[in-house]
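Survey of secondary and tertiary structure
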Amino acid sequence: MIQKNSPVPIYFQVEESIREKIESGEWESGEAIPSERQFCEQFSISRMTVRQAITNLVNEGILERRRGRGTYVSVPKLNLELTGITSFTEQMAQQGKRPETKVISFERNSASKQAAKELGLDSEEPIYKVKRIRYADGEAIAYEILYMPVKIFPDMVLKHAEGSIYDYIEAQCGLPIQYGKQELEAAEAGKKAAEALQLEEGAAVLKIQRTSFTSEHQAVEYTKTIYRADRYKYVMELERKH
Ligand code: GLP
């Protein structure tokens, strides 16, 4: 397949042949591709040439290198819209993914200073603190810590956190969410998030904090969510500001 006498550089020919295998579906997303050594043997070319071809495809986002494990066909990222206020369950539906939730812990505590401030409570007021792992088609992609005021949701139990919490707040408790305040920043996965998301500690993640309010300006939830940076892409429409 590789034509050594062709004016087309060899690394480019290798690149094209990898691209073709992916486009034809012979190599599927998430699948490992042959090792650099295997390419060298198959095409009788140097390791440097193979490496250049692979690096170009990694830079384009078509392949990804996983440390110590080899090179894989990239999995397309999920598009997370940042302009509207949507629930995880709704985001998954938009992407055609099956959502699942695992509640790791469900506690009733007195509010920490920060959670109290975000939810407009006095510190020490009772609060629920719920840790959840959110899955897309069976893959853990978000680790979430959710705080909700007990006085607004006196009857909340663990079962409610196993499904959509927005559905519980809006449909079951009759408190439509109207707007939110959100912060997004790059971060490194801490021990717990790394464990939950099956990442190495210190891997790049996106941290989003959100407080959601009703039309009466009542804060109903405050969340800290850690998203896998390699599975999400953030999309927003921008309005020109002067
Ligand atoms: C997103 C938001 C959270 C919110 C959650 C609700 O993850 N970042 O603030 O709590 O959606 O999702 P669901 O209704 O599926 O539980």
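A brief structural summary. (Residues numbered from 1 in each chain as written. Predicted model: local features only at pLDDT ≥ 70, side-chain atom pairs only at ≥ 80, totals over all residues. Heavy atoms only, no water.)

Across its full length, the protein carries eight helices and ten strands. For 242 residues, the compact-globule estimate of 2.2 N^0.38 gives 18 Å, and the protein exceeds it by more than 25% at 23 Å. Along the first, second and third principal axes, the C-alpha atoms of the protein reach 75 × 40 × 30 Å. For the protein, the proportion of its 242 residues judged to be buried stands at 42%. Counting contacts in the protein only where the partners sit at least 6 residues apart, residues at least 24 apart contribute 58% of the total. Averaging the locations of the 34 positively and 37 negatively charged side chains of the protein gives two centres separated by 5 Å. (Helix = DSSP H or I, 4+ residues; strand = E, 2+ residues; numbered from the N terminus. Rg over C-alpha atoms; globule rule 2.2 N^0.38 Å. Buried < 20%, exposed > 50% of the residue type's maximum accessible area, 1.4 Å probe, protein only. Contact = heavy atoms within 4.5 Å. Lys, Arg positive; Asp, Glu negative; His and termini not counted. Charge placed at Lys NZ, Arg CZ, Asp CG, Glu CD.)

Attention now goes to the side chain of Glu64. Considering the arrangement of structural elements, one finds Glu64 in strand S1 (residues 63-66). In this structure Glu64 comes out as buried when scored by relative accessible area, which is 19%. Sequence-distant contacts of Glu64, that is, excluding residues within four places in its chain, are made with Gly70, Thr71, Tyr72, Ser74, Val75 and Arg231.

Let's shift gears to the pattern of salt bridges. Applying the stated criterion across every chain, the model contains 18 salt bridges. Note that Glu16 is salt-bridged to Arg19, the shortest N-O span being 3.1 Å. One end of the pair is Glu16 and the other is Arg19, both in helix H1 (residues 10-23) and three residues apart, which spans about a single turn. Of the residues examined, Arg19 reaches a relative accessible area of 17% and is grouped as buried. For Arg132, the salt bridge is made with Glu144, and the minimal N-O distance between the two is 3.0 Å. Residue Arg132 is found in strand S5 (residues 126-136), and its partner Glu144 is found in strand S6 (residues 139-149); the two are separated by twelve residues along the sequence. Each member of the pair, Arg132 together with Glu144, is buried. Taken together, the salt bridges that share partners define one network made up of Glu15, Glu16, Arg19 and Glu60. (Salt bridge = Lys/Arg side-chain N within 4 Å of Asp/Glu carboxyl O.)

Strands sit in the order S4-S5-S6-S9-S8-S7 across an open sheet of six strands; the sheet is antiparallel. Sheet topology places strand S4 (99-110) and strand S7 (177-188) at the edges, where each strand pairs with a single neighbour. With strand direction ignored, the average angle separating the axes of adjacent strands in the sheet is 15°. Alignment of S7 against strand S8 (residues 204-214), held across eleven bridges, turns out to be antiparallel. Bridge pairing in S8 links Glu183 to Gln209. (Pairing = 2+ DSSP bridges. Axes fitted to C-alpha atoms, helices over the stretch in contact; angles between N-to-C directions.)

The next subject is the pairing of S6. Judged by how many residues are buried, S6 sits mostly within the fold: ten of eleven residues are covered. Sheet topology note: the S5/S6 ladder contains ten bridges and is antiparallel. Among the inter-strand pairings, Val130 is bridged to a residue of S6, identified as Leu146. Between S5 and S6, which follow one another and run antiparallel, lie two residues, and Asp137 among them has a positive phi close to 45°. Here S6 pairs with strand S9 (residues 219-228) via six bridges, running antiparallel.

This part is about the packing of aromatic side chains. Inspection of every chain in the model, using the stated rule, returns eight aromatic pairs. Judged by centre distance (5.6 Å) and plane angle (40°), the ring pair of Phe106 and Tyr128 falls under tilted. Here the residue Phe106 occupies a position in strand S4, and Tyr128 occupies one in strand S5, the gap between them amounting to 22 residues. By relative accessible area, Tyr128 is classed as buried at 2%. Relative to Tyr232, the ring of Tyr227 has its centre 4.7 Å away and its plane inclined at 80°; by these criteria the two rings are edge-to-face. For the pair Tyr227 and Tyr232, one class covers both residues: buried. Here the aromatic cluster, defined as three or more aromatic residues joined through ring pairs, consists of Trp27, Phe39 and Phe43. (Phe/Tyr/Trp six-rings, centres within 6.5 Å; stacked < 30°, edge-to-face > 60°.)

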